Amino acid sequence: TAKARQTETVSQGTLNVVMGLDPVTLVPALEPPPLSDLPENAESTASVAQHPQLRALYSFAEALEAGEDRAKAAWLPDFTLKYRYNRRYDGLMPNNSEVMLGVELPFLFFWQPQGRVAEAHAHTEEVRSQARQTENELKLKLLKTRSEAESLRTQLLNFSNQIIPQAQ
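## Section: helix α3 (residues 52-72)
Here is step 1 of the chain: Compared with the 30 Å implied by 1.5 Å per residue over 21 residues, the 30 Å span of α3 between its first and last C-alpha is a close match.
Here is step 2 of the chain: Considered for burial, the residues of α3 that qualify are L54, L57, A61, G67, E68 and A71. Projected onto a plane normal to the axis of α3, the buried residues spread over an arc of 130° and lie on a single side. In α3, those exposed residues whose orientation departs by more than 90 degrees from the buried face are P52, E62 and R70.

This is the structure we're talking about:
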């Protein structure tokens, strides 16, 4: 018992030093903290929607939707206009200029833009499904944690209200 009192005194002094107090000061008797209430399900569901991993997946899906819109715009024809002036310094041939007009018609080979649109749509749907799967996994993790917390709370209340008073 003398060894236990010595260990208790040294531990109290160490705790006082950590808290920034004089090591000789006695630590007051500790009180058990009050039992807090569990948060409501609505708050938990809102916190899942704000999870960083889920928000990142939704942002990535929005970026891929923009890429899908860009792929849909590939059906439109592209017009190019080029002008080139050739100056000859050797004097053998005259200076000349060229004007070139180019038209690219992607709908002539319809499978190319159609394939790009389908590929962009597939990527978007893949990320959306990953986001849904991640959201479901987070909700499941929250459900497991909540049920475990409720079980522990019930056990603690049973111990403090029934088992300990009966044992005393």
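## Brief notes about helix α1 (residues 2-19)
Each full turn of the α-helix corresponds to 3.6 residues, which orients residues three or four apart in the same direction.
Here is step 1 of the chain: With 18 residues, α1 should reach 26 Å at 1.5 Å per residue; the first-to-last C-alpha distance of 26 Å fits that figure.
Here is step 2 of the chain: Where α1 terminates, the next one or two residues include G20, which has phi positive at roughly 85°.

## Section: the pattern of salt bridges
Pairing between side chains becomes possible if they bear opposite charge and their charged atoms approach one another.
Here is step 1 of the chain: Under the defined criterion, the tally for this structure stands at 7 salt bridges.
Here is step 2 of the chain: Ionic pairing is found between K139 and E135, a salt bridge with its closest N-O pair at 3.6 Å. Of this pair, K139 and E135 both sit in helix α4 (residues 111-167), 4 residues apart, roughly one helical turn.
Here is step 3 of the chain: You can call K139 partly exposed: its relative accessible area is 36%.
Here is step 4 of the chain: In the salt-bridge network here, residues are joined through shared partners; they are E65, E125 and R128.

What counts and how
Residues numbered from 1 in each chain as written. Predicted model: local features only at pLDDT ≥ 70, side-chain atom pairs only at ≥ 80, totals over all residues. Heavy atoms only, no water. Helix = DSSP H or I, 4+ residues; strand = E, 2+ residues; numbered from the N terminus. Expected span 1.5 Å × (residues − 1). Buried < 20%, exposed > 50% of the residue type's maximum accessible area, 1.4 Å probe, protein only. Arc of directions from axis to C-beta. Salt bridge = Lys/Arg side-chain N within 4 Å of Asp/Glu carboxyl O.

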